[in-house]
Amino acid sequence: MSSSHLTLLIVDDTPANAMQLAAVAGELGHSAILASDGMEAIAKFKASSPDLIFMDIMMPGMDGITVARRIRELPTDKWAPIVFLSAPDQMRDIVRGLEAGGDDYLVKPASSQILRAKINSYARILALQREVQANAEELQNWRLEAEEQSRLGAHVMSRLTDAAGLRDPMIRHFNMPADTFSGDLLCAARAPGEVLNVLLADAAGHGLAAALSAMPLTQAFYSMTAKGFPLPSIAEELNRKLKSILPPDRFVAATLAAIDVRNQTVEVWNGGNPDALFINTRGKVAMQWASHHPPLGILPDKLFSGMTETVVFHEPGDLVLCSDGLTEAENPAGGWFALDGVCAALSQAQGCETRCASLLQGVNDHLAGQPGHDDISALLVSVPINRRRQVRSTTPTPAHHGPLAEWRLALSFGAEELRYLDVVPAVLGFATQIQALRPHQGTLFLIFSELFNNALDHGLLGLDSATKSWIGGFELYMRQRGARLAGLHGGRIDIAFHMHQEKSRAVLDISLADSGPGFDFEKCPGALGSGEDTGNELAYGRGIALVKHLCEQVVYSGNGNQVWVRYGVSDLIVEQEETGAETEDEAITRQGDNTDLLLF
Amino acid sequence: MQIANEVSGDLATLKLGGRFDFHSHRDFRSAYDKILDTNTVREIVIDFGEVDYLDSSALGMLLLLREKADGASKRVVLAGLQGTVKQVLEIANFGKLFSIRA
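**Let's talk about the overall build of chain B**
Across its full length, chain B holds 3 helices and 5 strands. Here the C-alpha atoms of chain B give a radius of gyration of 12 Å, agreeing with the 13 Å that 2.2 N^0.38 yields for 102 residues. Across its three principal directions, the C-alpha atoms of chain B cover 35 × 25 × 20 Å. Scored against the burial criterion, the 102 residues of chain B give a buried share of 49%. Restricting to contacts in chain B with at least 6 residues of sequence separation, those with at least 24 account for 71%. When the accessible surface of chain B is totalled, it reaches about 4,900 Å², and 48% of it is carbon and sulfur. Here chain B carries 13 positive and 14 negative side-chain charges, and the mean point of each set is 3 Å from the other.

**Looking at the overall build of chain A**
Tallying secondary structure elements over chain A gives 17 helices and 21 strands in all. Within chain A, the fraction of its 600 residues that count as buried is 49%. Long-range contacts, defined as pairs at least 24 residues apart, comprise 70% of the intrachain contacts of chain A with a sequence gap of at least 6. When the accessible surface of chain A is split by element, carbon and sulfur atoms take 54% of a total near 27,600 Å².

**Remarks on a nonpolar patch on the surface**
All names here are of chain A. On the surface, a cluster of nonpolar side chains totalling about 320 Å² of accessible area is made up of M91, L98, Y105 and V107. Elements with a minimum of two residues in the nonpolar patch: α4 (91–99) and β5 (104–107). Of note, V107 is situated in strand β5. Looking at V107, the relative accessible area reads 35%, which means it is partly exposed.

**Structural notes on the environment of E328 of chain A**
Its place among the elements puts E328 of chain A in the loop between α8 (324–327) and α9 (338–347). On a C-alpha basis, the gap between E328 of chain A and D509 of chain A in space is 55 Å, while along the polypeptide they are 181 residues apart. Setting aside chain neighbours within four positions, we find E328 of chain A in contact with W336 and H373 of chain A together with Y53 and V88 of chain B.

**Quick notes on the pattern of salt bridges**
Residues and elements named next belong to chain A. Following the criterion strictly, the structure yields 28 salt bridges over all chains and no others. For R240, the salt bridge goes to E237, with nearest N and O atoms at 2.5 Å. Of the two residues, R240 and E237 both sit in helix α7 (residues 231–245), 3 residues apart, roughly one turn of that helix. Residue classification places R240 among the partly exposed residues on the basis of a relative accessible area of 35%. Assessed through its relative accessible area of 24%, E237 is described here as partly exposed. Ionic contacts of the salt-bridge type, sharing partners, join the residues D51, K78 and R130 into one network.

**Quick word on the sheet that holds strand β15 (residues 376–383) of chain A**
All names here are of chain A. Spatially, the 5 strands line up as an open sheet ordered β6-β15-β14-β11-β12, and their pairing is antiparallel. Each edge of the open sheet is held by one strand with a lone partner, namely β6 (171–176) and β12 (285–289). Strand-to-strand, the axes of this sheet are offset by a mean angle of 15°, without reference to chain direction. Here strand β14 (residues 317–322) pairs with β15 via 6 bridges, running antiparallel. Its bridge partner lying in β15, G317 is registered against V383.

**Some details on the domain arrangement of chain A**
Residues and elements named next belong to chain A. The assigned domain composition of chain A is domain 1 (7–133), domain 2 (166–383) and domain 3 (389–599). Listed by partner, the interface residues are 15 residues for domain 2 and 15 residues for domain 3. When the two sides are added together, the surface that domain 2 and domain 3 hide from each other amounts to roughly 1,300 Å², 57% of it contributed by carbon and sulfur. Of all residues in domain 2, P192, E194 and R262 bury the most surface against domain 3, accounting for 40% of the area lost on that side. Applying the counting criterion to the domain 2 and domain 3 interface returns 1 salt bridge. R262 is the salt-bridge partner of E450, the closest N and O atoms lying 3.8 Å from each other. Remark: the boundary between domain 2 and domain 3 carries 2 residue pairs in polar contact (both at pLDDT 80 or more). Mapped onto the side of domain 2 that touches domain 3, the elements with two or more residues apiece are α6 (207–227) and β13 (309–312).

**Examining the nonpolar core**
Counting 70 residues, the largest nonpolar core has F20, F28, I46, F48 and F94 of chain B as the members making the most contacts within it. When sequence neighbours within four positions are dropped, the list of residues in contact with F48 of chain B reads L16, F20, L54, L62, L78, A79, G80, L81, Q82 and V85 of chain B. If you look at the next biggest cluster of nonpolar residues, it comprises 49 residues, including A455, A506, Y567 and V569 of chain A.

**Notes on the confidence of the model for chain B**
All names here are of chain B. Residues with a pLDDT of 70 or more make up 100% of chain B, whose mean pLDDT is 93. The element-level mean pLDDT for chain B is lowest in strand β1 (residues 2–8), coming to 91, with strand β4 (residues 75–79) highest at 96. For this predicted complex, the interface score ipTM comes out at 0.92, while the overall pTM is 0.77.

**Here we look at the pairing of β4 of chain B**
All names here are of chain B. Of all the 5 residues making up β4, 4 are buried; the element is thus mostly covered by neighbouring parts of the structure. Direction of pairing for strand β3 (residues 43–54) relative to β4: parallel, over a ladder of 5 bridges. Each bridged residue has a counterpart across the sheet, and for I44 the counterpart in β4 is V76. Crossover handedness for the path β3 to helix α2 (residues 56–71) to β4: right-handed. Tracing the backbone out of β4, into helix α3 (residues 83–91) and back to the parallel element strand β5 (residues 99–101) gives a crossover that is right-handed.

**Focus on the interface of chain A and chain B**
Each partner contributes to the interface: chain A provides 19 residues, whereas chain B provides 20 residues. For the pair chain A and chain B, the summed buried area comes to about 1,500 Å², and 64% of that belongs to carbon and sulfur atoms. Across the chain A-chain B interface, the total number found is 0 salt bridges. Where chain A touches chain B, the interface holds 4 residue pairs in polar contact (both at pLDDT 80 or more). When the residues that make up the side of chain A that touches chain B are grouped by side-chain class, the tally is 9 nonpolar, 7 polar and 3 charged.

**Focus: the layout of surface pockets**
If you add up the space inside the second largest pocket, you get close to 720 Å³. Where the lining of the second largest pocket is concerned, the elements lending two or more residues are α5 (112–161), β8 (196–203) and α6 of chain A together with β3, α2 and α3 of chain B. A breakdown of the residues in the lining of the second largest pocket according to their chemical character gives 16 nonpolar, 13 polar and 10 charged.

**Some details on the pairing of β14 of chain A**
Residue and element names in this part refer to chain A. Most of β14 is tucked away, with 6 of its 6 residues classed as buried. Bridge count for strand β11 (residues 276–280) against β14 is 4 bridges, and the pairing is antiparallel. Among the inter-strand pairings, F278 is bridged to a residue of β14, identified as L319.

**A word on empty space enclosed by the protein**
Residues and elements named next belong to chain A. Across all of its chains, the model carries 3 cavities of 30 Å³ or more by this definition. Taken as a whole, the second largest cavity holds about 40 Å³ of empty space. Elements with a minimum of two residues in the lining of the second largest cavity: α6, α12 (423–431) and α13 (441–460). With 3 residues, α12 is the single largest residue contributor to the lining of the second largest cavity. Of the residues belonging to the lining of the second largest cavity, the class tally is 5 nonpolar, 3 polar and 1 charged. Counting contributing residues per domain, the lining of the second largest cavity is built from domain 2 (166–383) and domain 3 (389–599), each supplying no fewer than three.

What counts and what doesn't
- Residues numbered from 1 in each chain as written.
- Chains lettered and ligands numbered in written order.
- Predicted model: local features only at pLDDT ≥ 70, side-chain atom pairs only at ≥ 80, totals over all residues.
- Heavy atoms only, no water.
- Helix = DSSP H or I, 4+ residues; strand = E, 2+ residues; numbered from the N terminus.
- Rg over C-alpha atoms; globule rule 2.2 N^0.38 Å.
- Buried < 20%, exposed > 50% of the residue type's maximum accessible area, 1.4 Å probe, protein only.
- Contact = heavy atoms within 4.5 Å.
- Areas by Shrake-Rupley, 256 points an atom, 1.4 Å probe, with all protein chains shown as cover.
- Lys, Arg positive; Asp, Glu negative; His and termini not counted.
- Charge placed at Lys NZ, Arg CZ, Asp CG, Glu CD.
- Patch = residues over 30% accessible without salt bridge, like charges linked within 9 Å, V, L, I, M, F, W, Y side chains within 5 Å.
- Salt bridge = Lys/Arg side-chain N within 4 Å of Asp/Glu carboxyl O.
- Pairing = 2+ DSSP bridges.
- Axes fitted to C-alpha atoms, helices over the stretch in contact; angles between N-to-C directions.
- Domains from an automatic or database assignment.
- Buried area = accessible area lost by both parts, 1.4 Å probe.
- Polar contact = N/O pair within 3.5 Å; in protein donor to acceptor, adjacent residues only side chain to side chain.
- Core = buried A, V, L, I, M, F, W, Y, C linked by side-chain atoms within 4.5 Å.
- pLDDT = per-residue confidence, 0-100.
- Right-handed = clockwise from strand over helix to strand, strands pointing away.
- Nonpolar A, V, L, I, M, F, W, Y, C, P; charged D, E, K, R; others polar.
- 1 Å grid on protein atoms, 1.4 Å probe; cavity = no way out; pocket = protein on both sides within 12 Å on 5 of 7 lines; lining within 4 Å.
- Points joined across faces, edges and corners; volume = space filled by probe spheres on them.

Here it is, written out as structure tokens:
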């Protein structure tokens, strides 16, 4: 029905009056339904749901006031005004009528002019009322839709953030949403080789819009971490991904950190988040990583920098990442919690878990019951010092059912590729597609990355591992490495994998050769050693010892620029046992990631 | 947020005051749209002298302005940075994206 056309119900036992009103309504483009008594009026009201009712008060049988009361008692979702028609001496009836649910009255006899004005007046009121009602309905629909979207967003975000990696015993975290759910995203996963990678991302805004911006990060973070890509490459990929899908005014502040307990380093990339902190056991800030980059999703690839800051830690402590919702949490007076508040709360507690609780308590005390106007999140990693150098004895290898297919992979990289390629994850990403090698991914990563880094760092770049043992030496080593790699113009590294059957076992031979001058492997600590703990606290030489421990054979040749190792993959079971034999999948599941059993 | 708009020659200045946040979207946009349409303007100075709060959606608005200004061959300069406003822009490293003037 258009807003200008009305259906009038005219209730009058005097046909002449009813006809006059109907005629006026018709002139104005409205339609009229006539009823000559109360029962008929109620029936027609139910049948045609009129917009406006004119009701004579004095009627034989049921009077107009009773009819009005009955009509008002009917269930309806629309308001139809009732205008009483009364004789001049019925003032008391008019009052009763209005009390019974009527809205207005006219004194009989009413001129056509008055009737016309009255109908027009109600047409305006009803149009306005319909508009208000339509708006309210639209608003209600929007609200329901928004609730539905929020519900979906909350579900997807909770699944994305509830990764197994966050349940790592080294990690504690909290995430308090400003809206129904948080747009802050926390991720954690172990890279092969036992490095722990964590990500705290804070998308501009909060709620669904923010969550939507941050969601694309999870997949890239987890898959690149699993393959062992270095932090700068992960940062570059996350930026590339967001830049390609977000509009120019959307971005994601992020802190990425890699905690390497074996090498005692913490590496951080911070773009737009508050300082990452390393709190030692005395509660003091021992290290601090400020934001040195714009947030993710702003800069084009060629201007983006994935440069990280790596620091060696010499004491245990907790690495703390947080979103600006934490530092900018306001107390009732408008004062920020700030980095000082964060540090104060952290210093009051000992141990990762209680520190996390103390931080949460601290910010809640600061907010003093007010809601935060941004999502508030923090992630703490308990970083241990592990002085045990000894590697545990080798892991049981899963048996391989059926005959083994022999395969070879040979690759050769020149300086051009070595400058920008992440060779280790790229090569192992391919090799560990081979089913028999999958359960060995973590161990192979340790072995191959050690061999490859030796070939690159020492063979081609001429870096001296001894540098690392000086105070501040690790940072110097990393700076030298970056500079020399950027300036690398000659040289080559050849890599070969060969998996084959050796008696009743499957073995993987890995050989590397670099075009560098080589080294005196007979004098290198660990190179000929047994891999046992020698009490040697030097930061170098440990790598080779580790390789020797994990492999069956390690042979250096040439000038020390060639190395060959043999790794035992599995015993072969050529005939499938019918009962009692676990399937290969079960064997793999039971083995899990071998590195869990192997290290430290 | 209050916005005062001043154009003199090839220089346009948007003087902002109060809280620059999500709710300032329409006002900020209509203020810079006029300037972007003015052909003589080569440089747009955003004066934060009177701004006491800046949130991440405000940073987004600045990025959007930067993109549009680039398209119209105009330069965006951030000026009058102080207090928490300065701090927020520093953490986001906006100095790598915009010219900053004291």
